[in-house]
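Observations on the model geometry
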Amino acid sequence: MNTLGWAVLPVVLLGLFFGGRQMMDQWLIERIEVKGNLVVWSPDDIKNQVSWVLGDGFYSADLNSVYDSILNMPLIHNVQVRKRWPDRIEINVSEDIPMAVWNGSQIIGINGDLMSIPEHFNVDKLAAIDGNDEYLDESIKSFRLVQQVMGGSNIKIQRLDISDTGSMSLHLSNEWDVFIGSAHLEKRALRLKKLLTGLPADEVSAVDLRYGKGAAIQWRTEQEKG
């Protein structure tokens, strides 16, 4: 009798387990709420990304998969996912800030991360950075440094090119082409700042800072000014 009792007990426990799971999963995920300061993506974009979770059981819904799916979206920087009784998933999202376009095909975020470009996102107003992949980190540091040094002016970097030898050149929003080279970046950036405030912007075509202390100025022709 005792032997029969012990044999029946696992069956009973197994039945209670599966019965309990079925009872728990009668509460289904019916809503997804998205919060966060979104610019590139909309709350609906986030909801559509994880719409497959709708209809899953409240207790069995896989939040790790929801988290991973959203975090893999370009320019998504931070994600928090919670269940809210009885039928809701709450998602808090923050975006990275797009800083520049790398080689015309990827976005560099303000944190230095490299990501694919969302299909709907217009990158026309972003700076362009072009160079070999080995110079990616150096290009980002150089871009930040020069833009920070020029921060007091309204002039922005529109394009940064870094050659196979690491030599850097810029095209600025005032239409100047600037040759900085590969050394003494901070000193040359400070020199550029002085030239930006001291030279008539519409008369300058290019500035070469690859000198010890000075700079070579290429002036615009009368035809170019017009």
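Here's a quick rundown of the structure. (Residues numbered from 1 in each chain as written. Predicted model: local features only at pLDDT ≥ 70, side-chain atom pairs only at ≥ 80, totals over all residues. Heavy atoms only, no water.)

Brief notes about the sheet that holds strand 3 (residues 88-95)
Strands sit in the order 1-3-2 across an open sheet of three strands; the sheet is mixed. Single-partner strands in this sheet number two, and they are strand 1 (31-35) and strand 2 (76-84). Mean inter-strand twist for the sheet, computed between neighbouring axes without regard to direction, equals 20 degrees. Note that strand 2 and strand 3 share eight bridges and pair antiparallel. Directly across from Gln-80, in strand 3, lies its bridge partner Asn-92. Across the sheet, helix 3 (residues 63-71) is in contact with strand 2 and strand 3; its angle to strand 2 comes to roughly 155 degrees. (Pairing = 2+ DSSP bridges. Helix = DSSP H or I, 4+ residues; strand = E, 2+ residues; numbered from the N terminus. Axes fitted to C-alpha atoms, helices over the stretch in contact; angles between N-to-C directions. Contact = heavy atoms within 4.5 Å.)

Here's the deal with the pattern of salt bridges
Under the criterion given, the structure shown has eight salt bridges. The salt bridge involving Arg-84 is made with Glu-90; its shortest N-O contact spans 3.6 Å. In this structure, Arg-88 and Glu-90 form a salt bridge, with 3.5 Å as the shortest nitrogen-oxygen distance. Counted as one network, the salt bridges with shared partners bring together Arg-31, Glu-33, Lys-35, Arg-84, Asp-87, Arg-88 and Glu-90. (Salt bridge = Lys/Arg side-chain N within 4 Å of Asp/Glu carboxyl O.)

What about the pairing of strand 11 (residues 204-208)?
Walk down a regular strand and you will see the side chains alternate between the two sheet faces. Most of strand 11 is tucked away: five of the five residues are buried. Of the strand pairs in this sheet, strand 10 (residues 177-181) and strand 11 are connected by three bridges, and their pairing is parallel. The residue bridging Asp-177 from the neighbouring strand is Ala-206, located in strand 11. Since strand 10 and strand 11 lie parallel, the crossover through helix 5 (residues 185-198) that links them has a hand, and here it is left-handed. Judged from the four bridges that link them, strand 11 and strand 12 (residues 216-219) form a sheet pairing that is antiparallel. Residue pairing in the sheet places Ala-206 in a bridge with Gln-218 of strand 12. (Buried < 20%, exposed > 50% of the residue type's maximum accessible area, 1.4 Å probe, protein only. Right-handed = clockwise from strand over helix to strand, strands pointing away.)

A short note on the pairing of strand 7 (residues 127-130)
By the alternation rule, side chains of strand 7 split into Ala-127 and Ile-129, which are all buried, and Ala-128 and Asp-130, of which none is buried. Bridge analysis of strand 7 against strand 8 (residues 157-162) gives three bridges, and the strand direction is parallel. Across the sheet, the residue bridging to Ile-129 is Leu-160, located in strand 8. What joins strand 7 to strand 8 is helix 4 (residues 136-149), and the crossover it makes is left-handed.

Things to note about the environment of Trp-41
Its location among the elements puts Trp-41 in the loop between strand 1 and helix 2 (43-49). Judged by relative accessible area, which is 13%, Trp-41 ranks as buried. Note: C-alpha distance between Trp-41 and Phe-121 (80 residues apart in sequence) is 8.8 Å. Among the polar contacts made by the side chain of Trp-41, one reaches the main-chain carbonyl oxygen of Pro-74 at a distance of 2.7 Å. (Polar contact = N/O pair within 3.5 Å; in protein donor to acceptor, adjacent residues only side chain to side chain.)

So, the side chain of Asp-208
Relative to the helices and strands, Asp-208 is located in strand 11. Among the polar contacts listed, one links the side chain of Asp-208 to the side chain of Arg-210, at a separation of 2.8 Å.

Here we look at the nonpolar core
Membership of the largest hydrophobic core comes to 31 residues, with the highest contact counts inside it found for Val-146, Leu-170, Leu-172, Trp-176 and Leu-192. Only strand 4 (98-102), strand 7, helix 4, strand 8, strand 9 (168-172), strand 10, helix 5 and strand 11 provide two or more residues apiece to this core. If you look at the next biggest cluster of nonpolar residues, it comprises 23 residues, including Leu-38, Ile-46, Val-79 and Ile-91. (Core = buried A, V, L, I, M, F, W, Y, C linked by side-chain atoms within 4.5 Å.)

Let's talk about the sheet that holds strand 8
Strand order in the open sheet made by the nine strands is 6-5-4-7-8-9-10-11-12, with mixed pairing throughout. Single-partner strands in this sheet number two, and they are strand 6 (114-116) and strand 12. Strand-to-strand, the axes of this sheet are offset by a mean angle of 20 degrees, without reference to chain direction. Taken strand by strand, helix 4 contacts strand 4, strand 5 (106-109), strand 6, strand 7, strand 8, strand 9 and strand 10, and its axis lies near 145 degrees from that of strand 8.

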